[in-house]
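Working through the structure, step by step
So the chains spell out like this:
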Amino acid sequence: MRWYGSWRIRTQLAAIMAVALSPAAVLLVSAYHRSPQGVAWLALVTLLAALLAWRMWRSGPARRLDHVLAVAQALGRGDLSARAPLDEAEHELGPLARALDEAAQALRGSEQQLRDLLELLPLAASITDAEGGVRMVNHQHVALFGYPPESIPDAEAWFRLTQPDPASQHAELAQWRDDLAEAARRGAATPCREYRVRCADGTTRDVEITHRPLGHLGVTVYVDVTERNGRAREHLVSERERLVSQSQASLGTLAGGVAHDFNNLLTTIIGGIELATLANGEDAPGADELRLALSAAQRAADLTSQMLAYSGQGVRQLADVDLGYAARRAAGAMLPVMGERADLNLALASSLPLFRSDPIEIERLIVSLITNGLEAVPADRHGSVTVRTGLAEYDAAALASSRTPRPPRPGAFVWVEVRDDGVGMDDETQRRLFEPFYSTKFAGRGLSLPAVQGIVGSCGGAIFIDSQPGQGTTVRVLFPPDNDGEPCVLVVDDDDDVRDLAVSFATRCGWRAIGVADGAAALAEAARLGRQLRVVLLDLSMPDRDGRAVLADLRALSAALPVVVCSGHDRAEALADLAQLKPSGFLSKPFTMASFEQALQAAALA
């Protein structure tokens, strides 16, 4: 039944029409008599009739219909607290009001079910309305981000809290609005985007966020991917380090082979020039040209020496090195070169422990660092280069930033530091600093810094570089002091005969050797020996604990300890199975004394 079909409404309309038509009747009478009093009465009665008609209309169905319409609009906006004010028993619009109330009650029940479901989710989530207001956040949301619900009334408040930088806040909020508009248009979820979020405690987390419209509401889900990204970054760093190590090993092998061949050629060239000079005399025609050729050949010999140092294959005369003495000799050699460009300052500690290396190599290393510092000073100003030495303890965390291929084990180190006030280096330059032949000065500069890396790595030391553009550069080189006792090889094998043979081989090769039969004894000896332990020879097949488990325990004790695994199984298969534990080498059974010595020497110098 239509609303205007009700008898009560029809009666009200008839009364309104009667009152509205009464002025017309008065107008006809007044016009007939042409009386001024009739015109006045006409105006008064018309006004009263209009007011009465308006009042009767507003107190009737229109007002009640406006109320129902207001309730419907409120429900459409998501205001589920709206109620229809009509009494269904007294007014014809009552059934419509009751239907709206029932719809509102059903919506309130659905929203409560959605709230209960969100609380059961193991992920952080929130409910938002059509205007972006946050209606609810679950307990996982509060636990993850730390913000109380009242502090995030809408999406803009959320981005202000979690994106403190105005530029990123504006960009992220604009992207979020675009995603919401597209999702509403398609009726689908927004793309899953990753955001860097600042939590209430000041920490930052990586979070993937997606939003799904659900009628007048929407659900936003937040997935914490911080740990996943951290593992990915660690894997990327580890893979990059592995590739760098492999490339450096390949370059070292190539450089060593080329240097050996060039040394043979240069020996003949230098010897021939000297013989020609002796045969013809120093004043003979062409003697100056021979001296020039000899000087060039000797510089080429120096270059091959640097290549051998980089590859770790140079001929080294090991002795106890006094770092302070080496620094003074290097500084003395550089004083004539400094000239007017820079001052050379020394701050050398006294009574430093000695360490084992080639003294000539160490002096050349310091000369190379001073030369780099001098060349970093701009030609248009006077600078300074400072050389310092000292003794300090370093833990594993500090040594992890060493620029050597493998960081050394923690402990005490003597160090030499060269600091300049030159132009400094940016991150890209520092990243490529130890690449062979890389230079910011001019092509073909040489292998000075790669040679430094090779020398320090062979000594079991570390290199640290601190530089910023315009703020100079500081290079610190560490060497382990030779106060840990005689270097030792630890042989771990459950077979008595094999173990005794390996100990005999190690002794004949100049090592002090200790043999143990199982993993527990190996760990005890490794802890006792400390830095005296230079190499471990580990059998992979043992009855109680196999070599893989023992290697994992040794890696937990010292990540930098060289460990050569020994097995009669296939080399590629064994190394692939142990890749994550990073063994330093592989020795196939049965082995000879030559292969035994080669494997241990390669691991000790790695």
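Note that residues are indexed from 1 along each chain, following the sequence as it is written. Under the rules for a predicted model, residues below a pLDDT of 70 receive no local features and side-chain atom pairs below 80 are neither given nor counted, while totals for whole chains, interfaces and linings still include all residues. The side-chain values count all of the structure's non-hydrogen atoms but skip hydrogen atoms and water molecules.

Description of the overall build of the protein chain
How we decide: We count a stretch as a helix when DSSP gives it H or I for four or more residues in a row; a strand needs E for two or more, and each element gets its number in order from the N terminus. Note on exposure labels: buried denotes an accessible area under 20% of the residue type's maximum, exposed denotes more than 50%, and partly exposed covers the range between, all computed with a 1.4 Å probe on protein chains only. Contacts were defined at the residue level, with two residues in contact if any of their heavy atoms lie within 4.5 Å. The protein chains shown are the only cover counted for residues, whose accessible areas, like all others here, come from Shrake-Rupley with a 1.4 Å probe.
Looking only at helices and strands, the protein chain has 19 helices and 17 strands in total. Counting only residues that meet the buried cut, the protein chain has 38% of its 606 residues in that class. Within the protein chain, residue pairs in contact and separated by at least 24 positions form 62% of the contacts whose partners lie at least 6 positions apart. When the accessible surface of the protein chain is totalled, it reaches about 33,200 Å², and 57% of it is carbon and sulfur.

Re the packing of aromatic side chains
Selection rule: Centre distance within 6.5 Å is the pairing criterion for rings of Phe, Tyr and Trp, where only the six-membered ring of Trp is used; planes under 30 degrees apart are then read as stacked, over 60 as edge-to-face, and the remainder as tilted.
For the structure shown, the criterion picks out 11 aromatic pairs. Aromatic pair Phe159 and Trp176: ring centres 6.3 Å apart, planes at 55°, arrangement tilted. Taken together, the residues span a long stretch of sequence, with Phe159 in helix H6 (residues 155-162) and Trp176 in helix H7 (residues 166-186) at a distance of 17 residues. An identical accessibility class is assigned to Phe159 and Trp176; each is buried. Of the aromatic side chains, those joined through ring pairs into one cluster are Phe145, Trp158 and Tyr222.

Details of a negative patch on the surface
What counts, and what does not: Surface patches are drawn from residues lacking salt bridges whose relative accessible area is over 30%; two like charges belong together within 9 Å, two nonpolar side chains (Val, Leu, Ile, Met, Phe, Trp, Tyr) within 5 Å. Salt bridge, as applied in this entry: a Lys or Arg side-chain nitrogen positioned within 4 Å of an Asp or Glu carboxyl oxygen. Positive charges are assigned to Lys and Arg, negative charges to Asp and Glu, while His and the chain termini are left out of the count. Charge placement uses NZ in Lys and CZ in Arg. For Asp and Glu, CG and CD serve respectively.
Taken together, Asp494, Asp495, Asp497, Asp500 and Asp544 make up a surface patch of like negative charges. Position of Asp500 among the secondary structure elements: in helix H15 (residues 496-508).

Some points on the pairing of strand S9 (residues 383-394)
What counts is decided by this rule: In short, DSSP must find at least two bridges between two strands for them to pair.
Summarising the sheet, strand S7 (residues 342-347) and S9 pair through 6 bridges and their orientation is parallel. Note on S9: the bridge partner recorded for Asn345 is Thr386. Of the pairings in the sheet, the one linking S9 to strand S10 (residues 411-420) comprises 10 bridges and is antiparallel in character. Bridged to Thr389 within S10 is Val416.

What to know about the side chain of Thr389
Note the cut-off: Pairs of N or O atoms are called polar contacts if they sit within 3.5 Å, as long as, within protein, a hydrogen donor faces a hydrogen acceptor (for residues adjacent in sequence, only side-chain-to-side-chain pairs).
Tracing the sequence through the fold places Thr389 in strand S9. Within the local environment of Thr389, its side chain forms a polar contact with the backbone nitrogen of Ala349, the two atoms lying 2.9 Å apart. Apart from the residues within four sequence positions on either side, Thr389 is in contact with Leu323, Ala327, Ala347, Leu348, Ala349, Leu352, Trp415 and Val416.

Some remarks on the side chain of Ser126
For Ser126, the location among the structural elements is in strand S1 (residues 124-129). At a separation of 3.2 Å, a polar atom in the side chain of Ser126 contacts the side chain of Tyr222. Aside from chain neighbours lying at most four places away, what touches Ser126 is Leu118, Val134, Met136, Val137, Gly218, Val219, Thr220 and Tyr222.

Focus on the packing of helix H10 (residues 323-338) against helix H11 (residues 359-375)
Just so we agree on the cut-off: In this analysis, axes come from line fits to C-alpha atoms, helices being fitted only over the stretch in contact, and the angle between any two N-to-C directions falls in the range 0 to 180 degrees. Angle categories: roughly parallel below 35 degrees, roughly antiparallel above 145, roughly perpendicular from 65 to 115, and oblique for all the rest. The crossing is said to be left-handed when, going from far helix to near helix, the turn is anticlockwise and less than a right angle, and right-handed when the turn is clockwise. Note on residue classes: Ala, Val, Leu, Ile, Met, Phe, Trp, Tyr, Cys and Pro are nonpolar, Asp, Glu, Lys and Arg are charged, and everything else, Gly too, is polar.
Two elements in contact, H10 and H11, have axes separated by 9 Å at closest approach and are oriented at 45°. Taken together, the axes of H10 and H11 are oblique relative to one another. For the element pair H10 and H11, the recorded crossing hand is right-handed. Counting all contacts with H10, which are made through Leu323, Ala326, Ala327, Arg329, Ala330, Ala331, Met334, Val337 and Met338, the residues of H11 involved are Ile362, Glu363, Ile366, Val367, Ile370, Thr371 and Leu374. Looking at the contact of H10 with H11 residue by residue, the classes come out as 13 nonpolar, 1 polar and 2 charged.

Looking at the sheet that holds S10
A sheet is described by the order of its strands in space; here 5 strands give the open sequence S7-S9-S10-S12-S11, paired in mixed fashion. The open sheet has two edge strands with one neighbour each: S7 and strand S11 (462-467). Between one strand axis and the next, the sheet turns by 20° as a mean value, whatever way the strands run. Examined bridge by bridge, S11 and strand S12 (residues 473-479) share 6 bridges and lie antiparallel to one another. Paired with Ser467 across the two strands is Thr473, which belongs to S12. Its contacts with the sheet place H10 against S7, S9, S10 and S12, and it is angled at close to 170° to S7. Sheet strands in contact with H11 are S7, S9, S10 and S12, and its direction is about 170° off that of S12.

With respect to the sheet that holds S1
Read from one edge of the open sheet, 5 strands run S2-S1-S5-S4-S3, paired in antiparallel fashion. With partners counted over all chains shown, the strands left at the sheet margins are strand S2 (134-137) and strand S3 (193-198), one partner each. For this sheet the average axis-to-axis angle between neighbouring strands, irrespective of direction, equals 30°. Across 8 bridges, strand S4 (residues 204-214) lies against strand S5 (residues 217-224) in antiparallel orientation. Across the sheet, residue Arg212 finds its bridge partner in S5, namely Val219. Together, S3, S4 and S5 form the strand contacts of H6, whose direction differs from that of S3 by roughly 65°. Of the strands in this sheet, S3, S4 and S5 touch H7, which is tilted by about 140° from S3.

Topic: the environment of Gly457
Residue position: Gly457 is located in helix H14 (residues 448-459). Along the backbone, Gly457 and Arg403 are 54 residues apart, and their C-alpha atoms lie at a distance of 9.4 Å.

Thoughts on the packing of H6 against H7
In contact at an axis separation of 10 Å, H6 and H7 are set at 145° when each is read in the N-to-C sense. For H6 against H7, the interelement crossing comes out right-handed. Judged by residue contacts, Ala155, Glu156, Phe159 and Arg160 of H6 engage Gln169, Glu172, Leu173, Trp176 and Arg177 from H7. Of the residues that constitute the contact of H6 with H7, the class distribution is 4 nonpolar, 1 polar and 4 charged.

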